[in-house]
Amino acid sequence: MSLLEIRDLKIYYRTPRGPVKAVDGVSFDVREGEVFGIAGESGCGKSTLVHSLILRKPPMFHAGGEAIFKGKDLMKLSEEEARKIRYTELSIIPQYAMNALNPTKKIKDIVWDLAREHGYEDRSEVEGLLRERLAMVKLSPKVADMYPVELSGGMRQRATMVVSTLLNPDLLIADEVTSALDVTTQRVVIELLHHFMEEGIVKSIIFVTHDLALLDKIADRTMILYAGKVAEIAPTEEMISSPAHPYTKLLLESLPKIGVRYKETKLNGIPGYPISLLNPPKGCRFYTRCPYVMDRCREEEPPLVEVGDDHYAACHLLGGENQ
Amino acid sequence: MGFRRYLAQKTAVYAITFLFAVTINWLLPRLMPGNPIEAMIESNLNLGPGEKEILIRFYEDLYGLNEPLWRQFVNFWVRLFHGDLGYSLLYKAPVWDLIRHSLPYDIVILLPAIALSWIVGNWLGAIAGKNRRYDRWMMPLFYFLASMPYFWFAMLLVYFIGVKLGWLPYQGAYDPSLVPGLNWEFIKSFLSHWILPFLSLFVVMIGSWAIGMRNMIIYELEADYVRYLEALGASEKLMTKHAYRNAILPQVTGLALQLGLMVAGAIATEIVFNYPGIGILLMNAALSQDYFLLQGAFLMVVISVLAANFIIDIVYAFIDPRVRASYTEG
Ligand SMILES: Nc1ncnc2c1ncn2[C@@H]1O[C@H](COP(=O)(O)OP(=O)(O)O)[C@@H](O)[C@H]1O
Ligand code: SF4
Ligand SMILES: [Mg+2]
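Residues numbered from 1 in each chain as written. Chains lettered and ligands numbered in written order. Predicted model: local features only at pLDDT ≥ 70, side-chain atom pairs only at ≥ 80, totals over all residues. Heavy atoms only, no water.

A. Representation of the overall build of chain A. What chain A contains, in helices and strands, is 10 helices and 12 strands. Its C-alpha atoms give chain A a radius of gyration of 20 Å, within 12% of the compact-globule value 20 Å for 323 residues. Expressed as lengths along the three principal axes of its C-alpha atoms, the size of chain A is roughly 65 × 45 × 40 Å. When burial is assessed residue by residue, chain A has 54% of its 323 residues classed as buried. Within chain A, contacts between residues separated by at least 24 positions form 62% of all contacts whose residues are at least 6 apart in sequence. Total accessible area on chain A stands at roughly 14100 Å², and carbon and sulfur atoms take up 48% of it. On chain A, the mean spot of the 41 positive side-chain charges and the mean spot of the 46 negative ones are 6 Å from each other. (Helix = DSSP H or I, 4+ residues; strand = E, 2+ residues; numbered from the N terminus. Rg over C-alpha atoms; globule rule 2.2 N^0.38 Å. Buried < 20%, exposed > 50% of the residue type's maximum accessible area, 1.4 Å probe, protein only. Contact = heavy atoms within 4.5 Å. Areas by Shrake-Rupley, 256 points an atom, 1.4 Å probe, with all protein chains shown as cover. Lys, Arg positive; Asp, Glu negative; His and termini not counted. Charge placed at Lys NZ, Arg CZ, Asp CG, Glu CD.)

Given below as structure tokens:
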């Protein structure tokens, strides 16, 4: 069962020099009960993709495609409909989770302000739930009565995770939540996300990272984005053991060793830079850096084809008909 | 650790600042060239050659100005703790009496001007910060107001409203032919004299409050916590509520600092309107080297500035949890 179906989604940024095609015809599903990983170099459109599901503010705009969430197209909702879905059904742990809570408001007040706007009427019930969940993430229930400034960075991160998931959203988006953290804290965060799934607090998670090695520990399936396009989608284990797309292969090779501690990779292992999203080439977007580049790659865009069981990739080497 | 230590620490810092500031105020006039008594005598009397020296000696003895500087300094502090601010050479009256009679005029002009301009300025600034369309024409107006010198705007008011149109009086605090008292005629005269000096401060002050608020609102509305609220489906109203509360905090500091300048914060205004506040006293005291008056008036300024800062330090620990967190940590 798919919780979210993305079909040919295009999300652009309006700029004086023309639209930046940050997400340019992306399709995938997020199934109920899975952690769906999205990986790719910095700037490939991961944040744009997931944030556009929640909120599109100028200069970001929807340039085509659908995002069907629980039967409704998120791109077509009215302002008020979209607002109601946020938090209760579709929530996010932002990249800046440590600074996401208003420093001058008690955590219980922040939560109550939000819950009230989503139709909750019993303050003590909401606060009770908050204390329960704080205890669940190994914070003192008293944290509810504290100001975010009184907490350490790690505690704030966990408190934000509790706040984001308090109303049991079906789909939780976690955008680079581990990027700024040390390895120990990363592990804690990932355990908590697992815990949220096991407890049925959230049905599915989209886990966004530029850190491929991390996906192994959390994502059931993974999608690799390159310059606003899907390069490959596969069950994570299969992606790691037998990557199909040249870009994925290079990404994996550039990692020191999966599962071993390593520094944030900027994927310097791959020569060259991502292409400009203002004026992307009409062929394969990876051709400027691909070691296997063929003439065809410059002219024709490779379609996403099934290369194995539940395994898709977009590369001319893998065959497939032209669209 | 905690609040008591914070309080003790702040008190110590302010006490030291107070001693230092008062000492400087005492010392500076004495380092100025010239002799105030000589000046006073020459300007006032037609004396024979020998009489002058005698008079100078007499007055120096009277005021203790012939003693060594350190003695004068000790005397100064001793008298101060007895509530004695000395005697004005210029006005021939106890300094405390002069201050006591001038201070109400400062307060009656500055307190409403500061408080009301704060409210109106924050309100306008908040609107501009929220709404780009207003911002486009309001900001230049704010900058124009804020960059206008007080005395300049005061002179415009005097010229156009006072002189050209003749709508309102612009000299003094009330009609000099009236005896101050709680009667309708005096109150009417007082209020009509009050309007122009009040306006001259109020209007100019609005500008900087509004700019401060507008910038803070824009900053806060873009802060991470507002983005987070928005992502979790907060209404516009809720986001604004959170942002405004944080934006107003620095403005509260600004307000306290301004209130600290309530004494003598309007020297230029008082001069233009000949309004009999501490500002006028200060100016005259400085011009005629009236040590005691200068000291006394400055003492008031120092006390009010320090008191305002002290109070805001304490109040802030209550209204801003970030400040509280910083002293409970350290
Ligand atoms: N406000 C914006 N205006 C124009 N371009 C933007 C804006 N925000 C992001 N982009 C561009 O969109 C692309 C994707 O950005 P982003 O989604 O943040 O990538 P990622 O999260 O994968 O690092 C980048 O090339 C970035 O430069
Ligand atoms: S389509 Fe061509 S350029 Fe693109 S990844 Fe495949 S081989 Fe490389
Ligand atoms: Mg990102």
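There's plenty left to go through after this.
B. Geometry of the pattern of salt bridges. Residues and elements named next belong to chain A. Per the counting criterion, the structure on display carries 30 salt bridges over all chains. Across the salt bridge formed by Asp170 and Lys70, the nearest N and O atoms sit 2.8 Å from each other. Linking Asp170 in the loop between α5 (153-165) and β7 (171-175) with Lys70 in the loop between β4 (60-69) and β5 (72-73), this pair joins segments that are 100 residues apart in sequence. Looking at Asp170, the relative accessible area reads 7%, which means it is buried. (Salt bridge = Lys/Arg side-chain N within 4 Å of Asp/Glu carboxyl O.)

C. Structural context of the domain arrangement of chain B. Residues and elements named next belong to chain B. Partitioning chain B into domains gives domain 1 (3-81) and domain 2 (95-329). Distance from the C-alpha centre of domain 1 to the C-alpha centre of domain 2: 32 Å. In this complex, domain 1 contributes 23 residues to the contact, which on the side of domain 2 involves 20 residues. Of the roughly 2100 Å² buried at the junction of domain 1 and domain 2 (both faces included), carbon and sulfur atoms supply 72%. (Domains from an automatic or database assignment. Buried area = accessible area lost by both parts, 1.4 Å probe.)

D. The interface of chain A and chain B, seen in detail. Contacts between the two partners involve 29 residues from chain A, matched on the other side by 23 residues from chain B. Across the interface of chain A and chain B, roughly 2200 Å² is buried in total on both sides, 61% from carbon and sulfur atoms. The tally of links between chain A and chain B comes to two salt bridges. Secondary structure elements with two or more residues in the side of chain A that touches chain B: β6 (90-93), α3 (107-117) and α5 of chain A. When residues of the side of chain A that touches chain B are assigned to their parent elements, the largest contribution, five residues, is made by α3 of chain A. Residue composition of the side of chain A that touches chain B, by class: 14 nonpolar, seven polar and eight charged. (Nonpolar A, V, L, I, M, F, W, Y, C, P; charged D, E, K, R; others polar.)

E. Local environment of the confidence of the model for chain B. All names here are of chain B. The predicted model of chain B averages 86 in pLDDT, with 94% of residues at 70 or higher. By mean pLDDT, helix α2 (residues 36-44) is the weakest element of chain B at 65, and helix α9 (residues 224-231) is the strongest at 96. Across the interfaces of the predicted complex, the ipTM metric reaches 0.92, alongside a pTM of 0.84. (pLDDT = per-residue confidence, 0-100.)

F. Spotlight on helix α1 (residues 46-54) of chain A. Of all nine residues that make up α1 of chain A, seven are buried, and the element is covered over most of its length. Buried residues of α1 of chain A: Lys46, Thr48, Leu49, Val50, Ser52, Leu53 and Ile54 of chain A, and no others.

G. Spatial organisation of the packing of helix α12 (residues 278-287) of chain B against helix α13 (residues 291-319) of chain B. Residue and element names in this part refer to chain B. Relative orientation of the contacting elements α12 and α13 amounts to 140 degrees, with a least axis distance of 9 Å. On the basis of their axis angle, the class for α12 and α13 is oblique. Of the two possible hands of crossing, α12 and α13 adopt the one that is left-handed. Facing Ile278, Leu281, Leu282, Ala285 and Ala286 of α12, the residues of α13 in contact are Leu293, Leu294, Ala297, Phe298 and Val301. (Axes fitted to C-alpha atoms, helices over the stretch in contact; angles between N-to-C directions. Parallel < 35°, antiparallel > 145°, perpendicular 65-115°, else oblique. Left-handed = near helix turned anticlockwise from the far one by under 90°.)

H. Focus on the site of ligand 1. Residues and elements named next belong to chain A. Near ligand 1 lie 13 residues; those nearest to it are Gly43, Gly45, Lys46, Ser47 and Thr48. At 3.1 Å from an oxygen atom of ligand 1 is found a main-chain nitrogen or oxygen belonging to Gly45. Within the backbone of Lys46, a nitrogen or oxygen atom sits 2.9 Å from an oxygen atom of ligand 1. Contact with the protein chains removes 65% of the 560 Å² of surface that ligand 1 exposes when unbound. (Near = heavy atom within 4 Å. Polar contact = N/O pair within 3.5 Å; in protein donor to acceptor, adjacent residues only side chain to side chain.)

I. Quick look at the confidence of the model for chain A. Summing up the model confidence of chain A, the mean pLDDT is 91 and the portion of residues at 70 or higher is 93%. In the predicted structure, residues 258-268 of chain A sits below a pLDDT of 50 and forms 19 contacts with residues beyond four places in sequence or in another chain.

J. Representation of the packing of aromatic side chains. The final tally for this structure, using the stated rule, is 18 aromatic pairs over all chains. Measuring from ring centre to ring centre gives 5.0 Å for Tyr159 of chain B and Phe160 of chain B, while their planes differ by 85 degrees; the resulting arrangement is edge-to-face. Classification of Tyr159 of chain B by relative accessible area gives partly exposed; the value is 41%. Residue classification places Phe160 of chain B among the partly exposed positions, given a relative accessible area of 45%. Each member of the aromatic cluster is reached from another via a ring pair, and the members are Trp26, Phe73, Phe76, Trp77 and Phe81 of chain B. The ring of Phe61 of chain A carries the charged tip of Arg14 of chain A above its face, separated from the ring centre by 4.1 Å. (Phe/Tyr/Trp six-rings, centres within 6.5 Å; stacked < 30°, edge-to-face > 60°. Lys NZ or Arg CZ within 6 Å of the ring centre and 35° of its normal.)

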